[in-house]
There are 2 protein chains.
Amino acid sequence: MKLEIASAQLEALGNPVRLQIYRLLVRAGVDGLAVGAVQDKLGMPASTLSHHMRKLIEPGLVTQERQATTLICRAHYPAMTALIGYLSDECCADGVCPPASVKTRGSKASAKA
Amino acid sequence: MKLEIASAQLEALGNPVRLQIYRLLVRAGVDGLAVGAVQDKLGMPASTLSHHMRKLIEPGLVTQERQATTLICRAHYPAMTALIGYLSDECCADGVCPPASVKTRGSKASAKA
DNA sequence: TCACTATTTCCAAATTCATGGAAATAGAGG
DNA sequence: CCTCTATTTCCATGAATTTGGAAATAGTGA
């Protein structure tokens, strides 16, 4: 993963409103949620929500699928997985890992190094 | 973890310069890096670096320890681990998980749910 | 105390972001 | 074609971010 992509994804999630939207979609799983459903749940103007949704879609964190007049939004899990990997992959590559580093959590999160 | 904290941490990482700084520190491990060392590696004005470093320290992603006149910076791993957990914990809580969700990667990343 | 290095804080300018009303667009159905 | 719902795009505005030079501060040692 390139730094620019990871940083764009992190920037997208680095806003409380968007993080809330994203977590709503993560919870919703494969069924996803219509834009309108998200709007109802969070109670914000459609215009504002649309701006935020685009910021999540652009870096590939969320996908949209049209169903008649409604747009279903879904969290794109591979993107989240790759992003998490990017954050933990190079852990301590040049030094010594601390006692309870992230490496002790995942099975093969740092297989690359 | 509270949404506000997670979003502040993600926002801090959501800038290419800061993500680069952070990854440098992650690679450095427990030894950490002096501010000046980071400055040399990335080649930026001390003032700019200092601003960015503070944005990483404020939400708890990085810590600093003074050694004489130099300040050693270190990635604070527990924060990263908690952040990663926050992103993956509620995966599909309200729906069905996709075939290859993040849940299949870590050992107990979603133990809470 | 003076000098020196390392780093931060002060300040300001340019850029980007967040917000939301109003108008435009997309699709479904009569 | 008209209308209705769902959603986006256009546009504007205030707020926050990014950047970096200059000055201030912290620590060390002579």
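Everything in this summary refers to the structure shown in the same document. (Residues numbered from 1 in each chain as written. Chains lettered and ligands numbered in written order. Predicted model: local features only at pLDDT ≥ 70, side-chain atom pairs only at ≥ 80, totals over all residues. Heavy atoms only, no water.)

## Some thoughts on the overall build of chain A
What counts here: Strands are runs of DSSP state E lasting at least two residues, helices are runs of H or I lasting at least four, and both sets are numbered from the N terminus onward. Each residue gets one of three labels from its accessible area relative to the maximum for its type: buried under 20%, exposed over 50%, partly exposed in between, using a 1.4 Å probe on protein chains only. Between two residues, a contact is recorded if the distance between any of their heavy atoms is within 4.5 Å. In short, Shrake-Rupley with a 1.4 Å probe defines the accessible areas, and a residue's cover is counted only from the protein chains shown.
Across its full length, chain A holds 5 helices and 3 strands. Buried positions account for 45% of the 113 residues belonging to chain A. Relative to all contacts within chain A whose residues are 6 or more apart in sequence, the contacts with residues 24 or more apart total 50%. When the accessible surface of chain A is split by element, carbon and sulfur atoms take 53% of a total near 5,500 Å².

## Observations regarding the protein's contact with DNA strand C
Here is the rule: By convention in these notes, a residue is near a molecule or strand provided one of its non-hydrogen atoms lies within 4 Å of it. For this analysis, a polar contact is any N or O atom pair within 3.5 Å, provided that within protein one partner can donate a hydrogen and the other can accept it, and provided that sequence-adjacent residues contribute only side-chain to side-chain pairs. When residues are sorted by character, Ala, Val, Leu, Ile, Met, Phe, Trp, Tyr, Cys and Pro go into the nonpolar class, Asp, Glu, Lys and Arg into the charged class, and all the rest, Gly among them, into the polar class.
Near DNA strand C lie 23 residues; those nearest to it are A:Ser47, A:His51, A:His52, A:Lys55 and B:Gly36. When the atoms of DNA strand C within 4 Å of the protein are grouped by moiety, sugar and phosphate amount to 60% of the total. Between DNA strand C and A:Thr48 there is a distance of 3.2 Å, counted from a phosphate oxygen to a side-chain nitrogen or oxygen. Taking B:Ser50, its side chain carries an N or O atom lying 3.0 Å from a phosphate oxygen of DNA strand C. For the surface near DNA strand C, the element with the highest residue contribution is helix 4 (residues 46-57) of chain A, accounting for 5 residues. Looking at side-chain class alone, the surface near DNA strand C contains 6 nonpolar, 13 polar and 4 charged residues.

## Quick look at unusual backbone geometry
In most cases, non-glycine residues show a negative phi, while peptide bonds are predominantly trans. Not every positive phi belongs to a glycine, and A:Ala68 is a case in point at roughly 60°. Along the chain, A:Ala68 turns up in the loop between strand 2 (62-67) and strand 3 (70-75).

## Considering the packing of helix 5 (residues 77-88) of chain A against helix 5 (residues 77-88) of chain B
Let me state the cut-off plainly: All axes here are fitted lines through C-alpha atoms, helices being fitted over the stretch that makes contact, and every angle between N-to-C directions spans 0 to 180 degrees. Just so you know how the angles are binned, under 35 degrees is roughly parallel, over 145 roughly antiparallel, 65 to 115 roughly perpendicular, and the rest oblique.
Where helix 5 of chain A meets helix 5 of chain B, the closest approach of the two axes is 11 Å, and the angle between their N-to-C directions is 175°. By the angle between their axes, helix 5 of chain A is roughly antiparallel relative to helix 5 of chain B. On the side of helix 5 of chain A, the interface is formed by A:Met80, A:Ile84, A:Leu87 and A:Ser88, while helix 5 of chain B contributes B:Met80, B:Ile84, B:Leu87 and B:Ser88. Split into classes, the residues belonging to the contact of helix 5 of chain A with helix 5 of chain B amount to 6 nonpolar, 2 polar and no charged.

## A closer look at helix 4 (residues 46-57) of chain B
Residues and elements named next belong to chain B. Keep this limit in mind: How far a helix is expected to stretch is found by multiplying one less than its residue total by 1.5 Å. The directions considered for the arc run from the helix axis to the C-beta atoms.
Helix length check: helix 4, at 12 residues, gives a terminal C-alpha distance of 16 Å against a target of 16 Å (1.5 Å per residue), a fit within 8%. Taken together, the buried positions of helix 4 are occupied by Leu49, His52, Met53 and Leu56. The buried residues of helix 4 occupy an angular sector of 105° when projected down its axis, which confines them to one face. Buried residues along helix 4 sit in contact with helix 1 (3-13), helix 2 (16-28), helix 3 (35-42), strand 2 (62-67) and strand 3 (70-75).

## Regarding the protein's contact with DNA strand D
Taken together, 23 residues are adjacent to DNA strand D, and A:Gly36, B:Ser47, B:His51, B:His52 and B:Lys55 come closest. Backbone atoms, meaning sugar plus phosphate, form 64% of the atoms of DNA strand D positioned within 4 Å of the protein. Within the backbone of A:Val35, one N or O atom sits 3.4 Å away from a phosphate oxygen of DNA strand D. At 3.0 Å from a phosphate oxygen of DNA strand D is found a side-chain nitrogen or oxygen belonging to B:Arg18. Elements with a contribution of two residues or more to the surface near DNA strand D: helix 3 (35-42), helix 4 and strand 3 of chain A together with helix 4 of chain B. Ranked by residues supplied to the surface near DNA strand D, first place goes to helix 4 of chain B with 5 residues. Here the surface near DNA strand D is built from residues that sort into 6 nonpolar, 13 polar and 4 charged.

## Regarding the pattern of salt bridges
Quick note on the threshold: A pairing counts as a salt bridge when a side-chain nitrogen of Lys or Arg comes within 4 Å of a carboxyl oxygen of Asp or Glu.
Inspection of every chain in the model, using the stated rule, returns 2 salt bridges over all chains. Note that A:Glu65 and A:Arg74 form a salt bridge whose closest N and O atoms lie 2.8 Å from each other.

## Quick look at the environment of B:Arg66
Following the sequence through the fold, B:Arg66 ends up in strand 2. Only 3.2 Å separates the side chain of B:Arg66 from the backbone oxygen of B:Ala68, close enough to count as a polar contact.

## Remarks on the nonpolar core
How we decide: In this text, buried Ala, Val, Leu, Ile, Met, Phe, Trp, Tyr and Cys residues form a nonpolar core when linked through side-chain atoms within 4.5 Å.
Counting residues in hydrophobic clusters, the biggest one holds 57 residues, and the most contacted among them are A:Leu13, A:Tyr22, A:Leu25, B:Leu13, B:Tyr22 and B:Leu25. The contact partners of B:Tyr22, leaving out residues within four places of it in the chain, are B:Leu13, B:Leu56, B:Leu61, B:Val62, B:Ala75 and B:Met80.

## Focus: the packing of aromatic side chains
To keep it simple, the criterion reads: Whether two aromatic rings pair depends on their centres lying within 6.5 Å, for rings of Phe, Tyr and Trp, where Trp uses its six-membered ring; planes under 30 degrees apart make the pair stacked, over 60 edge-to-face, and the rest tilted. Each ring is checked for a lysine NZ or an arginine CZ that lies within 6 Å of its centre and within 35 degrees of its normal; such an atom marks a charge sitting over the ring.
Under the criterion given, the structure shown has 0 aromatic pairs over all chains. Sitting over the ring of B:Tyr86, A:Arg23 keeps its end group 3.7 Å from the ring centre.

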